[in-house]
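Architecture and fold: a report
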Amino acid sequence: MTPSLSQAEARRLTLSAQGFARIPRGIVRHRQLRAQLDALGVVQIDSVNALVRSHYLPAFSRLGHYDRDLLDDLAWGKVRHRALFEYWGHEASLLPLDLYPLMRWRMARAANGQGIYQQLARFGFEQQGVIQRVLQAVREQGALGAGALSTRAERAGPWWDWSAEKHALEWLFAAGEVTVAGRRGFERLYDLPERVIPSEWLNQPELPEAEAQRRLLLRSATALGVATERDLRDYYRLETADCQARLAELVEAGELQQVEVQGWRQPGYCPGELKIPRKVKASALLSPFDSLIWERARTERLFDFHYRLEIYTPQHKRQFGYYVLPFLHDERLAARVDLRAERAQDRLAVHALHEEEQGLGEGGLLALAENLRKLADWLGLAEVAITCRRPGTVRLHAALGRVANG
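The protein appears in an unreviewed UniProt entry as YcaQ family DNA glycosylase from Metapseudomonas boanensis.

Next comes the structure, spelled out in structure tokens:
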């Protein structure tokens with residue numbers, strides 16, 4: 001008989017799998033941070049810096065205050081300290097190193113022009129001379145940014161206006177012939193994998209595509225708690241046909257079980273025995289690119305929360321704001337807050353607060369105030385400043401005062 005879950009149970013299962021059921025304690029060190037990132041299995045990278053680079057936020061949402069240098073060490077530090085690598089996981093991502101062998105099939109496909117955008121695939125077929133010249137420069141000179149190799153005379157335009165050398169580096173990166181050794185600001189520095197990826201992962205035998213995909217699906221299922229086929233596929237951006245075939249194999253082998261979830265039109269899938277917490281008490285501000293909410297249809301299914309990032313929406317057409325963080329409280333996405341780190345004024349600016357229909361009670365508002373104060377402290381900002389006059393902000397201002405006064 002197929003197990004059945006209520007919406008509340010599905011939410012709690014998801015929140016637990018995503019790391020919100022554990023109460024953070026003590027100082028966060030490499031070990032705790034690494035364990036959290038391993039559990040998530042992928043952290044999306046994004047260039048927008050309105051608050052802080054997005055890849056730093058998921059760990060803060062789950063663990064609280066931590067030193068961002070710890071994440072830098074795990075991702076781009078000395079090889080012996082590394083636990084993460086950059087690749088195309090869910091978009092541009094940081095991934096635990098044990099996933100490196102599971103991505104080799106994707107690298108092989110990219111080298112054949114598959115699974116990468118059309119312009120880059122065409123460049124790979126037509127510009128092998130440039131690609132080999134750039135690869136040789138990396139071999140000889142070590143970690144390089146695209147700017148150091150560019151031969152074009154005119155100045156680069158917007159971020160998508162890549163030079164031939166940048167195209168070559170991105171093709172080599174997708175094909176696994178170079179990897180990211182570090183970053184200069186937000187610019188990638190590329191080097192050979194053997195100088196970046198620890199040998200225990202780099203030299204593992206190549207897995208068959210099907211086996212690697214099955215392991216990725218299991219990792220997705222563990223990180224999501226309960227998920228539809230589409231949810232599982234989206235986590236590491238697998239192809240539909242690949243995902244459906246591997247999912248059927250995992251169910252047949254008993255490694256995933258099918259469940260029914262109240263209100264879901266599609267079946268859900270869970271790994272192993274269902275362990276559903278009685279309650280998840282976490283309160284957290286979430287990055288727009290957090291793995292809890294990045295699949296917007298799933299977010300609506302689980303939380304009845306319609307969410308779209310409005311960065312690229314003209315200002316006069318925005319409904320909620322430029323950089324809006326959902327606020328998780330008592331197993332609901334209870335509000336959304338438009339935030340900015342205004343460093344020149346040494347403040348975390350609250351440009352808008354929008355409560356969901358059920359609203360925030362006094363306990364929820366106090367929890368939001370505490371989260372805003374902790375976020376400001378983590379970012380090294382002296383104050384939380386409310387810059388709008390929406391009805392809820394008067395109450396939030398009072399809650400911030402209570403937090404400040406202990």
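1. Side note on the pattern of salt bridges
Throughout the structure, instances matching the rule amount to 28 salt bridges. The salt bridge partner of Glu331 is Arg12, with a shortest N-O separation of 3.7 Å. You can see Glu331 sitting in the loop between strand S10 (324-329) and strand S11 (332-342) and its partner Arg12 sitting in helix H1 (residues 7-17), a full 319 residues away along the chain. No difference in accessibility class separates Glu331 from Arg12, as the two residues are buried. Residue Glu86 is joined to Arg188 by a salt bridge in which the shortest nitrogen-to-oxygen separation is 3.4 Å. Pair noted here: Glu86 is in strand S3 (residues 84-89) and Arg188 is in strand S6 (residues 187-191), with a separation of 102 residues, a long-range link. Residues participating in the shared-partner salt-bridge network are Glu86, Lys166, Glu170, Arg183 and Arg188.

2. Topic: empty space enclosed by the protein
All chains considered together, the criterion is met by two cavities of 30 Å³ or more. A volume near 50 Å³ is recorded for the largest cavity. Around the largest cavity, the lining residues are Leu224, Asp231, Asp234, Tyr235, Ser291, Leu292, Ile293, Trp294, Glu295, Arg298 and Thr299. Every element with two or more residues in the lining of the largest cavity is listed here: helix H12 (229-235) and helix H14 (296-303). If one sorts the elements of the lining of the largest cavity by residue count, H12 sits on top with three residues. Grouping the amino acids of the lining of the largest cavity by side-chain chemistry returns five nonpolar, two polar and four charged. In this structure, the second largest cavity is lined by Glu86, Tyr87, Tyr100, Met107, Phe173, Gly176, Val178, Thr179 and Pro193. Classifying every residue of the lining of the second largest cavity by side-chain character gives six nonpolar, two polar and one charged.

Analysis parameters
- Residues numbered from 1 in each chain as written.
- Predicted model: local features only at pLDDT ≥ 70, side-chain atom pairs only at ≥ 80, totals over all residues.
- Heavy atoms only, no water.
- Salt bridge = Lys/Arg side-chain N within 4 Å of Asp/Glu carboxyl O.
- Helix = DSSP H or I, 4+ residues; strand = E, 2+ residues; numbered from the N terminus.
- Buried < 20%, exposed > 50% of the residue type's maximum accessible area, 1.4 Å probe, protein only.
- 1 Å grid on protein atoms, 1.4 Å probe; cavity = no way out; pocket = protein on both sides within 12 Å on 5 of 7 lines; lining within 4 Å.
- Points joined across faces, edges and corners; volume = space filled by probe spheres on them.
- Nonpolar A, V, L, I, M, F, W, Y, C, P; charged D, E, K, R; others polar.

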